[in-house]
Every structure is written in structure tokens, then in C-alpha cells.
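This is what each chain is made of:
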Amino acid sequence: MMSRGTISKLAACLLNISEARNAQVVETIANAAVSVKETEDLASKTHQGSELACRSTVLNIFRDYDYNRSVLTIVAQLPVLQHCVYNACVHAYHNIDLSEQHGGHPRLGAVDLIPIYPLSSDVSLEECGNVANEIAKTLAKDVRGSSFFLFGTADHPKHRGLVQRRKEVGWFAGKHGVQYDKLQQDLGANPSTRYGLTGVGASPYVTNCNVTIATQDVQFGHQIAQCIRASTPGGLPGIQAMAFAHEGNVEIACNVESFLKEKSNTGECLENKSGTIYDHYSYTSAEVIENKVRTLASERGVDIIGTALIGFTPDQALNLAIKALRSEQSEYWKTRTDVRMM
């Protein structure tokens, strides 16, 4: 049962686009996400509309110039979110030519990732997967030349995870000069240099935590990333990690996935207690990630420069979304600054 004061059917998309150096383009895409027009069909599929001052909000935009990659946190009731993400993607495909994109982060698509995450307790992963599928199908039809691979609950019937699917399609090697005609899509046209290949799917909420270390030795960064991954004995629960050259240093980039609480260790997780579907899950905290990286880096006398938190925990996203939607802050990102722990 949802607690009083929440909003039904809330979900989020952390839209990853292959553009950060042109701030105007990024803001155009964000504005498109919150420009969904009210229709009778949408009104019939959502509830509490009279309580909402706006239908959708972009809570945060994280732009990384060196990576040439931005992450937009878009939140709305699930039927509305489908249209928000569609609008944003259409504008992204129009404004981003992947054949001209250069950056330090792997990518295969002008729109690189469309993940749909449940926030409210009355939203299931299956519903999010269905919405992700519809987004991909509609974009494949309307944006000729776009192509998609599916993951999570959008990937019927296998439900393969994002990391597995990225390995299968060659995402980790994806930079300028990829041979797109050799990639395999699930939906849409054969991948092209203009639009590339976009990942679309649904899963429990994933947040991001990037730790920068004071070295240019990327291979050492790879070793640290390997040590902290959940798949490594002694690694951190829920952590998927990579290492990249970044602004003259090395960044350990972590996807922080949810994990069941019985897998957690005391003091190593953030628990969620707001009556959402995540009450049975935890996340490894940024402090734990940073301390683990600091310990490993210090073995070679390398210092930590800082830790960047991208986006929010599910609880934070839910609470901020409720605040923004009820106070007509569709451009909530304009009140935000990048969060860094030093």
C-alpha cells in the first residue's frame, strides 16, 4: 500500500545521450521531455492529476564534457513518462549525429541508453518493461534508421541484464569508428553511423558513483575496477565498475545496482524505508565505494581527487519528484548543482 502523500504510478528514466559539449542541445532535449501535451487518453490512464501542478519533471542533468555524455533524470507517472521519453529521444536523434561524436566514454547510440525504473510501490518491473518496449517500437517506426537492443524486463522472454546485453552487442568497445553494420539489433533498422544502436529496458533503479584518482595509469584503474566489482570475491555488492581516462586523471565509473538486504554487510549499504518496491533492497553507499577505492589506490601511493554522485537513490528521486510535480517545477534540474564529495 502506498503511503499518504505519494503519487501513484511514478517511474523514472535516466536517459543517457551522447552529447554534453553543446549545452543548448542538452537543454532542448530536456525541455522536450517536459513538453508532453495533456490528452484525454493520458488523463484516463493517470490518477491524481488534479493534485499535480505539472505532469512531468527533469530532476537532474549531469553533463560530462570529457566523456561527451549527459544523463537526464526524467520522472512522471508511467503512462506520461512513456511520452516524455519518446519526445526527448526524437529531439536527441534530430540533434546528435553519432558519426561526428567524440568522447572518452563507450557508447553505441546517439541516444545510448533508455532505462525505465519503478519508483512508486504500485509500479511493477513488468509494467516498466512493457513501456520500454513500446518506446522502442514507436521510435523505430517514427525515427527511420534508429535501432535498439533490449534488456531487463523489456527483453522477453530471456530478461537478460544490461551488462550481459552490452557485452553481446559490443558496447564496451563502442567509440568513434565502430563498424555499425556488424552490430545486431532487436528492433528497428540495421544500425547506422548516424543513430547507432540504443539500449532500452527496465530494471530496479540504478544510480551512478564515479571516483577520480590522481594518476594517468588507466591500467591501474582497470585493476581497481576489477577489485570492487560485485562479481569479484571480496568486491562490493551491486557494483559494476569500469575505468576511463578523464580530465587528465583516471575515473572509476560505477553503476550501483540494488541487491537484496540479506547480501549486505553492516555499514556498507543505504537502506530504503519509504514504502516503495525497494524496501527489500539496499545499495552500496558512495562512502563505502570511495573508501574501497582509496584503500586500493593507496597501495601505489595514489590519492583520491573526488567522488561524483550522478542522480539519486530511489527514495531521493521519489521524494524530489513528488515535490517537483506538486510545485510546478518541471525544470527542477535548474535548481540543482552537481553533487561532489571531496
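Refer to the structure printed above.
Overview of the structure. Quick caveat, the model's predicted, so the values are computed rather than measured. (Residues numbered from 1 in each chain as written. Predicted model: local features only at pLDDT ≥ 70, side-chain atom pairs only at ≥ 80, totals over all residues. Heavy atoms only, no water.)

## Overview of the pattern of salt bridges
Side chains that carry opposite charge are capable of pairing whenever their charged atoms lie near each other.
Thought 1: Evaluation of the coordinates by the stated rule reveals 11 salt bridges.
Thought 2: One salt bridge connects Lys 141 with Asp 142, and the closest N-O pair in it is separated by 2.9 Å.
Thought 3: Lys 141 gets classed as exposed once you look at its relative accessible area, which sits at 59%.
Thought 4: Between Arg 160 and Glu 168 there is a salt bridge whose closest N-O contact spans 3.1 Å.
Thought 5: For Arg 160, a relative accessible area of 16% gives the class buried.
Thought 6: Take Glu 168: its relative accessible area is 41%, and that puts it in the partly exposed class.
Thought 7: Connected via shared salt-bridge partners are Asp 155, Arg 160, Arg 165, Glu 168 and Asp 186. (Salt bridge = Lys/Arg side-chain N within 4 Å of Asp/Glu carboxyl O. Buried < 20%, exposed > 50% of the residue type's maximum accessible area, 1.4 Å probe, protein only.)

## Remarks on the packing of helix α6 (residues 218-228) against helix α7 (residues 286-298)
Thought 1: In contact at an axis separation of 10 Å, α6 and α7 are set at 135 degrees when each is read in the N-to-C sense. When the interaxial angle is binned, α6 and α7 end up oblique. For the element pair α6 and α7, the recorded crossing hand is right-handed. Of the residues in α7, those in contact with Phe 220, Ile 224, Cys 227 and Ile 228 of α6 are Lys 292, Val 293, Leu 296 and Ala 297.
Thought 2: Grouping the amino acids of the contact of α6 with α7 by side-chain chemistry returns 7 nonpolar, no polar and 1 charged. (Axes fitted to C-alpha atoms, helices over the stretch in contact; angles between N-to-C directions. Helix = DSSP H or I, 4+ residues; strand = E, 2+ residues; numbered from the N terminus. Parallel < 35°, antiparallel > 145°, perpendicular 65-115°, else oblique. Left-handed = near helix turned anticlockwise from the far one by under 90°. Contact = heavy atoms within 4.5 Å. Nonpolar A, V, L, I, M, F, W, Y, C, P; charged D, E, K, R; others polar.)

## Thoughts on helix α3 (residues 78-95)
Thought 1: For α3, with 18 residues, the first-to-last C-alpha span of 26 Å sits near the 26 Å given by 1.5 Å per residue.
Thought 2: Turning to α3, its buried residues number three or more, namely Leu 78, Pro 79, Val 80, Leu 81, Cys 84, Val 85, Ala 88, Cys 89, Ala 92 and Tyr 93. (Expected span 1.5 Å × (residues − 1).)

## Quick look at helix α4 (residues 125-142)
Thought 1: Taking 1.5 Å per residue, 18 residues should reach 26 Å; α4 reaches 26 Å between its end C-alpha atoms and fits that length.
Thought 2: Buried within α4 we find Cys 128, Gly 129, Val 131, Ala 132, Asn 133, Ile 135, Ala 136 and Leu 139.
Thought 3: Contacts from the buried residues of α4 go to β1 (10-17), α3, β4 (111-118), β5 (147-152), β6 (187-188) and β7 (198-202).

## Thoughts on the sheet that holds β4
Thought 1: The strand order across the open sheet formed by 7 strands is β2-β3-β1-β4-β7-β5-β6, and the pairing between neighbours is mixed. Two strands bound the open sheet, and with one partner strand each, they are β2 (56-64) and β6.
Thought 2: Sheet topology note: the β2/strand β3 (residues 69-77) ladder contains 8 bridges and is antiparallel. By the bridge assignment for β3, Asp 64 is matched with Arg 69.
Thought 3: Across the sheet, helix α1 (residues 23-33) lies against β1, β2 and β3, angled at about 160 degrees from β2, the strand it touches most.
Thought 4: Across the sheet, helix α5 (residues 162-169) touches β3, β4 and β5, and the angle it forms with β5 is around 145 degrees. (Pairing = 2+ DSSP bridges.)

## Some words on the side chain of Arg 107
Thought 1: Among the secondary structure elements, Arg 107 is positioned in the loop between α3 and β4.
Thought 2: One buried charged side chain, Arg 107, makes no salt bridge at all; its nearest oppositely charged neighbour is Asp 112, positioned 7.0 Å away.
Thought 3: Looking at Arg 107, its side chain comes within polar contact range of the main-chain oxygen of Lys 175, at 3.4 Å.
Thought 4: In contact with Arg 107, other than residues within four places in its own chain, are Ser 18, Arg 69, Leu 98, Gln 101, Asp 112, Trp 171, Gly 174, Lys 175, His 176 and Tyr 180. (Lys, Arg positive; Asp, Glu negative; His and termini not counted. Polar contact = N/O pair within 3.5 Å; in protein donor to acceptor, adjacent residues only side chain to side chain.)

## Observations concerning the pairing of strand β10 (residues 249-257)
The side chains of a regular strand alternate, first on one face of the sheet and then on the other.
Thought 1: For β10, the buried fraction is high: 7 of the 9 residues fall into the buried class.
Thought 2: As paired elements, strand β8 (residues 206-213) and β10 share 8 bridges and run antiparallel to each other. Its bridge partner lying in β10, Thr 212 is registered against Glu 251.
Thought 3: In this structure, strand β9 (residues 239-246) lies alongside β10, joined through 8 bridges in antiparallel fashion. Counterpart to Ala 243 in the pairing with β10 is Ile 252.

## Considering the environment of Val 178
Thought 1: Structurally, Val 178 can be placed in the loop between α5 and β6.
Thought 2: Since its relative accessible area comes to 18%, Val 178 is described here as buried.
Thought 3: Considered as a pair, Val 178 and Gly 196 are 18 residues apart in the sequence and their alpha carbons are 9.1 Å apart.
Thought 4: In this structure, Val 178 is in contact with Leu 108, Ala 173 and Leu 183, ignoring residues within four places of it in sequence.

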